[in-house]
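# Examining the three-dimensional arrangement
What follows is the residue order along each chain.
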Amino acid sequence: MSKACYRKASMSCRDLREFKPHIELLETRLALSVTLLSDDFQSDAIDSQPSSADTFFNSVGPEGFIQISGLGATYSDPFNPITNRSVVIDNPGAAQPIVGWSTIFTDDPADFRTGTISFDLYMDTPDDRFWTYVDFRLGFGGSGRTAPTTVGDTTLWNSFRINAATPDIVFDNGNGSGQASITGNSALHVEYSLNGTTETYRLSINGAAIDFGSGNPDRPWIAGAPGVNMFGFFGAFPLTSAPVYIDNLVVVNNTDGDPPDPPGNWSPPADEPTDLLEWHQHRGNKRLTGEATISQDIVSDAKVLWSEFVGSRESWTAVGPDVSGQNVALPTGNISISQAELISWDLNGPYFDLGGTGTLTAESTHSGKRIGDFIPGNGVLEKLEIEVFDTTFGQGVVRLFTYSGGNWVQQWQSAEIPSMFSIPNLITGDFDNDGQLEVALTPWSEVYVLDLATGQN
């Protein structure tokens with residue numbers, strides 16, 4: 001029984017369950033669902049734009065702004081000004097700022113009819129603005145879709161309003177009537193649950209179902225809507241609005257087939273069980289794909305031997321039997337998992353052998369930061385990374401580093417490139433078939449190709 005027991009310690013107690021020949025700690029069995037988006041915006045640079053979004057209108061001023069808040073940013077973050085980052089929608093003028101997501105969905109809106117969209121919302125007091133206002137819209141469209149317009153492409157449409165002199169409300173625009181009170185200057189956890197069988201949605205705020213004064217929280221979709229394959233947050237128009245903050249945006253397509261949800265179009269691999277009562281969950285896999293690491297039915301075979309309270313602070317913990325195999329030492333304080341254990345359980349990362357010694361080190365990567373062996377034959381890893389100097393217009397540079405002597409050493413810096421906003425999609429390759437490697441980026445609507453050896457355009 002050498003396998004250690006791992007779990008993200010966010011619950012108040014631990015159940016130890018027995019398998020032969022393993023000891024493992026089991027998570028609750030998941031429904032068959034697919035997470036299309038889960039973004040807390042922590043990896044986005046302050047004063048940039050959210051890299052997971054694909055639609056922006058009136059977002060770089062002077063009448064509308066969409067930026068990432070945080071410590072040292074133009075906009076302080078209201079959820080936690082020291083450590084947190086979120087998306088800000090600011091509306092000082094008449095132009096309506098819009099941020100939208102569409103490419104996380106398929107082109108067929110019928111593929112998403114049952115599921116949830118949730119986010120945290122914070123709305124400032126209006127002060128010298130007319131109000132604090134944001135539209136949330138779910139909709140549908142073809143391959144060229146951007147964000148719902150409310151004209152023949154919208155499934156549901158709500159507006160959240162903090163008013164200077166009248167009650168603060170959420171209004172059901174899509175159905176033309178119905179409102180409920182909300183509270184400004186406070187964090188609101190907002191969740192929309194869609195039911196494709198009844199073609200209704202349910203809005204919950206801080207866990208409470210909202211009935212918009214009708215007595216029934218299940219509200220109809222806009223007539224004729226086939227489903228959802230885009231959504232967006234919209235600022236005020238044409239009146240001014242104080243900043244609105246969006247965080248922890250999660251989109252889940254529910255395909256579990258359990259009533260009242262309709263059967264989804266997903267089916268498990270041929271070698272996996274199809275009965276939900278036999279569904280296996282992968283331990284140690286943060287993506288939770290449902291693939292089991294041992295061939296046992298975790299629903300009927302697992303039994304609770306004992307449980308013990310070990311605290312409620314969220315952290316990764318590791319416990320295992322002692323050399324006798326008879327005792328498990330429980331943590332008495334905050335403990336850490338070693339890097340080797342993190343790697344073996346696929347936590348944190350991604351990991352790179354930076355020094356070529358076999359020691360893996362966790363490094364963050366994203367659209368504007370890549371690490372890899374981009375220049376074959378030189379025996380070291382390279383890092384391509386952008387820096388944005390002007391957060392309004394997005395001017396910035398690309399730099400190439402090599403890893404040497406335990407540090408990243410800069411090799412070149414490109415000339416300034418406009419409109420990067422931390423979403424340049426850096427890639428490398430021989431793009432003109434001349435035998436020389438290049439780095440290509442698409443900062444906005446242009447394509448830039450730089451020589452990988454020199455950084456010249």
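Conventions used here
- Residues numbered from 1 in each chain as written.
- Predicted model: local features only at pLDDT ≥ 70, side-chain atom pairs only at ≥ 80, totals over all residues.
- Heavy atoms only, no water.
- Helix = DSSP H or I, 4+ residues; strand = E, 2+ residues; numbered from the N terminus.
- Contact = heavy atoms within 4.5 Å.
- pLDDT = per-residue confidence, 0-100.
- Core = buried A, V, L, I, M, F, W, Y, C linked by side-chain atoms within 4.5 Å.
- Buried < 20%, exposed > 50% of the residue type's maximum accessible area, 1.4 Å probe, protein only.
- Lys, Arg positive; Asp, Glu negative; His and termini not counted.
- Salt bridge = Lys/Arg side-chain N within 4 Å of Asp/Glu carboxyl O.
- Polar contact = N/O pair within 3.5 Å; in protein donor to acceptor, adjacent residues only side chain to side chain.
- Pairing = 2+ DSSP bridges.
- Axes fitted to C-alpha atoms, helices over the stretch in contact; angles between N-to-C directions.
- Phe/Tyr/Trp six-rings, centres within 6.5 Å; stacked < 30°, edge-to-face > 60°.
- Lys NZ or Arg CZ within 6 Å of the ring centre and 35° of its normal.

## Remarks on the overall build of the protein
Assigned secondary structure in the protein consists of one helix and 30 strands. Expressed as a percentage of contacts within the protein between residues at least 6 apart in sequence, the contacts between residues at least 24 apart total 58%.

## Section: the confidence of the model for the protein
On average, the protein scores 80 in pLDDT, and the residues at 70 or more come to 74%. Here residues 1-31 scores under 50 on pLDDT; set against residues more than four positions off or in separate chains, the count is 99 contacts.

## So, the nonpolar core
Judged by nonpolar contacts, the single largest core of 44 residues is most densely connected at Leu-121, Phe-136, Phe-160, Tyr-192, Leu-194, Phe-231 and Phe-233. Apart from residues lying up to four places away in sequence, Leu-194 is in contact with Phe-112, Arg-113, Thr-114, Gly-115, Ile-117, Leu-138, Leu-156, Thr-200, Tyr-201, Trp-221 and Val-228. One finds Phe-374, Val-398, Leu-441 and Leu-450 within the second-largest nonpolar core, a separate group that totals 14 residues.

## Digging into the side chain of Glu-438
Among the secondary structure elements, Glu-438 is positioned in strand β29 (residues 438-441). The buried charged residue Glu-438 lacks any salt bridge, with Arg-370 as its nearest oppositely charged partner at 16 Å. A polar atom in the side chain of Glu-438 sits 2.8 Å from the backbone nitrogen of Phe-431. When neighbours within four sequence positions are excluded, Glu-438 is seen to be in contact with Ile-427, Thr-428, Gly-429, Asp-430, Phe-431, Asp-432, Val-449, Leu-450 and Leu-452.

## Re the sheet that holds strand β24 (residues 369-372)
Spatial ordering of the open sheet is given by β24-β25-β26-β27, a layout of four strands whose pairing is antiparallel. Strands with a single pairing partner mark the edges of an open sheet, and in this sheet they are β24 and β27 (407-413). In this sheet, neighbouring strand axes are inclined to one another by 25 degrees on average, regardless of whether the strands run parallel or antiparallel. Where β24 lies against strand β25 (residues 382-388), four bridges are found, and the strand directions are antiparallel. What sits directly across from Lys-369, in β25, is Glu-385.

## Some thoughts on the packing of aromatic side chains
The tally for this structure, following the rule as stated, stands at 17 aromatic pairs. Plain terms: the ring middles of Trp-101 and Phe-231 are 5.3 Å apart, the flat faces sit at 10 degrees to each other, and that makes the pair stacked. Taken together, the residues span a long stretch of sequence, with Trp-101 in strand β8 (residues 98-101) and Phe-231 in strand β18 (residues 230-234) at a distance of 130 residues. Of the residues examined, Trp-101 reaches a relative accessible area of 1% and is grouped as buried. Given the relative accessible area of 0%, Phe-231 is considered buried. With 5.3 Å between their ring centres and 75 degrees between their planes, Phe-130 and Trp-131 make a pair best called edge-to-face. Ring-pair connections join several aromatic residues into one group, and the members of that group are Trp-101, Phe-105, Phe-112, Phe-119, Phe-136, Tyr-192, Tyr-201, Phe-231 and Phe-233. Seen from the ring of Phe-234, Arg-137 lies directly overhead, with NZ or CZ sitting 3.7 Å from the centre.

## Regarding unusual backbone geometry
The amide bond that connects Gly-61 to the next residue, Pro-62, takes the cis arrangement and shows omega of 0 degrees. Structurally, the position occupied by Pro-62 is in the loop between β5 (55-57) and β6 (65-68). Across the junction of Phe-237 and Pro-238, the peptide omega takes the value -5 degrees, indicating a cis bond. Inspection of the secondary structure puts Pro-238 in the loop between β18 and β19 (241-254). Residues other than glycine seldom take positive phi values, yet Asp-127 does so here, at roughly 50 degrees. Here Asp-127 is to be found in the loop between β9 (115-123) and β10 (131-139). Phi at Asn-248 takes a positive value of approximately 50 degrees, unusual for a residue other than glycine. You can see Asn-248 is positioned in strand β19.

## Let's talk about the sheet that holds β29
Taking strand neighbours across the sheet as the criterion, the three strands line up as β28-β29-β30 in an open arrangement whose pairing is antiparallel. At either end of the open sheet lies a strand with only one pairing partner, and these are β28 (427-429) and β30 (448-451). The sheet shows a mean angle of 30 degrees between the axes of neighbouring strands, direction not considered.

## Structural notes on the pattern of salt bridges
Tallied over the full model, the rule gives nine salt bridges. Notably, a salt bridge pairs Arg-202 with Asp-218, separated by 3.0 Å at the nearest N-O pair. Taken together, the residues span a long stretch of sequence, with Arg-202 in strand β15 (residues 200-205) and Asp-218 in strand β17 (residues 218-220) at a distance of 16 residues.

## Some details on the environment of Glu-382
Looking at the secondary structure, you find Glu-382 in strand β25. Separated by 22 residues in sequence, Glu-382 and Ser-404 place their C-alpha atoms 9.7 Å apart. For Glu-382, the contacting residues outside a window of four places in its chain are Arg-370, Ile-371, Gly-372, Asp-373, Phe-374, Ile-375, Leu-400, Phe-401, Thr-402 and Trp-408.

## So, the pairing of strand β14 (residues 188-195)
Inspection of the sheet shows β9 paired to β14 by seven bridges, in the antiparallel sense. In the strand pairing of β14, Ser-118 is matched with Glu-191.

## Regarding the pairing of β10
Among the nine residues of β10, nine are classified as buried, and the element is accordingly described as predominantly covered. Both faces of β10 are covered, namely the face carrying Trp-131, Tyr-133, Asp-135, Arg-137 and Gly-139 and the face carrying Thr-132, Val-134, Phe-136 and Leu-138. Two strands pair when backbone bridges link them, and β10 and strand β11 (residues 154-163) are joined in this way by nine bridges, in the antiparallel orientation. Looking at the pairing, Phe-136 lines up with Asn-158 of β11. Direction of pairing for β10 relative to β18: antiparallel, over a ladder of five bridges. What sits directly across from Gly-139, in β18, is Met-230.

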